[in-house]
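Fold and geometry: a report
Listed below, chain by chain, are the residues.
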Amino acid sequence: MRKEQNEVIVSIKDLKKHFPVKLGAFGERSGIVHAIDGISMDIHRGETLGLVGESGCGKSTTAFVIVQLYRATSGFVFFKGVDLTKLSERELRPMRTKIQIIFQDPYSTLNPRMTIGESIGEPIRAHKLMNNKEIKQHVFELLKDVGLKSSFANRYAHELSGGQQQRICIARALAINPEFVVCDEPVSALDVSVQAQIINLMQDLQEKYKLTYLFIAHNLAVVRHISDRIAVMYLGRIAEIAEKNEIFDHTLHPYTKALLSAVPEADPKIERQRHRIILEGDVPDAISPPSGCRFHTRCPIAKEKCSQEIPDLEEKRPGHYVACHYASEEKEK
Ligand SMILES: Nc1ncnc2c1ncn2[C@@H]1O[C@H](COP(=O)(O)OP(=O)(O)O)[C@@H](O)[C@H]1O
Ligand code: SF4
Ligand SMILES: [Mg+2]
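As the structure is a computational prediction, the values presented were derived from the model and not from experiment.

Rules and cut-offs
Residues numbered from 1 in each chain as written. Chains lettered and ligands numbered in written order. Predicted model: local features only at pLDDT ≥ 70, side-chain atom pairs only at ≥ 80, totals over all residues. Heavy atoms only, no water. Helix = DSSP H or I, 4+ residues; strand = E, 2+ residues; numbered from the N terminus. Rg over C-alpha atoms; globule rule 2.2 N^0.38 Å. Buried < 20%, exposed > 50% of the residue type's maximum accessible area, 1.4 Å probe, protein only. Contact = heavy atoms within 4.5 Å. Areas by Shrake-Rupley, 256 points an atom, 1.4 Å probe, with all protein chains shown as cover. Near = heavy atom within 4 Å. Polar contact = N/O pair within 3.5 Å; in protein donor to acceptor, adjacent residues only side chain to side chain. Nonpolar A, V, L, I, M, F, W, Y, C, P; charged D, E, K, R; others polar.

1. Some remarks on the overall build of the protein chain
- Looking only at helices and strands, one finds eleven helices and twelve strands in the protein chain.
- Rg of the C-alpha trace for the protein chain: 21 Å, near the compact-globule value of 20 Å for 333 residues, within the 12% margin.
- Over its C-alpha atoms, taken along the principal directions, the protein chain stretches across nearly 65 × 55 × 45 Å.
- Counting the 333 residues in the protein chain, one finds 50% classified as buried.
- Partitioning the contacts of the protein chain with sequence separation of at least 6, the portion at a separation of at least 24 is 64%.
- When the accessible surface of the protein chain is summed, it comes to about 16600 Å², and 50% of that surface belongs to carbon and sulfur atoms.

2. What to know about the site of ligand 1
- The full set close to ligand 1 counts 14 residues, and Gly 56, Gly 58, Lys 59, Ser 60 and Thr 61 are the nearest of them.
- Contact distances for ligand 1 include 2.6 Å between an oxygen atom and a backbone N or O atom of Gly 56.
- Residue Thr 61 places a side-chain N or O atom 2.6 Å away from an oxygen atom belonging to ligand 1.
- Protein coverage of the free-state accessible area of ligand 1, which is 560 Å², stands at 66%.
- Secondary structure elements with two or more residues in the shell around ligand 1: strand 1 (8–23), strand 2 (29–44) and helix 1 (59–66).
- Per-element tally for the shell around ligand 1: the top contributor is helix 1, with three residues.
- Split by residue class, the shell around ligand 1 holds seven nonpolar, five polar and two charged.

This is the structure:
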């Protein structure tokens with residue numbers, strides 16, 4: 001672990017985001033989507049915290065609430081000690097230069113009518129950080145940093161491949177020199193052959209720009225390479241969080257065990273012996289989530305207590321937190 005990782009740069013405490021929704025064919029009933037329901041975690045300066053979980057478990061909502069694209073229903077998001085949830089839009093403005101987000105779909109992030117140069121320069125202009133000449137120079141440097149020629153500045157998003165578009169979004173996110181970047185499945189929409197290139201680029205840029213990442217993916221294989229620590233989410237809550245090797249070598253939560261069992265092994269000998277845990281059923285509805293432990297409807301080792309009592313996220317090994325009444329390293333059958 002790098003030294004600077006001890007400083008907590010982002011701290012989330014009991015964060016909740018509920019969406020009121022209309023239900024039924026004619027919207028005659030109302031309900032509440034418990035998209036995130038009491039998440040707490042710290043992110044250290046210079047680290048990459050990987051956040052994984054199945055589609056619909058609340059990863060994007062977590063990302064959007066942290067960067068204040070959504071305002072929290074309750075709870076706190078501290079950035080360098082300042083609670084962002086209490087700030088007005090005006091007070092948030094200077095903070096927004098320090099926190100950036102990269103989305104899953106680069107094309108919808110980029111304005112189709114702007115040249116690439118204008119798109120990358122736009123946040124610098126919006127925050128009035130440089131004059132036009134400086135912006136031009138800076139855009140060329142950013143293009144070089146993301147592995148593209150300066151001639152890309154005159155092109156338009158639709159002329160570019162998905163990988164090139166995501167490189168542009170990365171350049172745009174870095175244009176105003178942020179400290180913390182939330183990456184919401186930045187490679188999920190890209191060809192598998194391009195994914196590793198983008199992940200390697202993001203790692204290089206992390207070193208160069210001294211960035212802290214929250215890196216989201218629905219697949220453990222993707223976050224394995226880039227993460228220092230990994231948090232596993234299930235239906236709006238954190239199931240387990242620990243350093244990468246700790247979580248792979250001493251997995252404690254039955255859900256993490258199931259996710260890990262789905263990751264193919266590079267070594268064919270180990271791969272042949274890999275025991276897959278198949279989870280029964282779909283992720284339950286976030287409008288009426290299961291009582292007690294939210295995983296109890298699919299957990300292979302659930303007992304009576306699991307449907308009655310919510311398990312707290314507890315430190316079971318040094319720096320290794322897990323929310324399960326029966327957490328153990330034993331392999332599930
Ligand atoms: N704006 C919204 N209004 C209502 N429900 C939403 C909204 N955004 C997300 N949700 C719901 O919140 C839950 C979590 O969604 P999301 O954060 O997008 O999950 P993930 O990114 O892990 O796939 C899902 O049930 C989703 O349908
Ligand atoms: S608390 Fe119970 S249902 Fe939840 S993960 Fe642990 S054993 Fe399974
Ligand atoms: Mg998402």
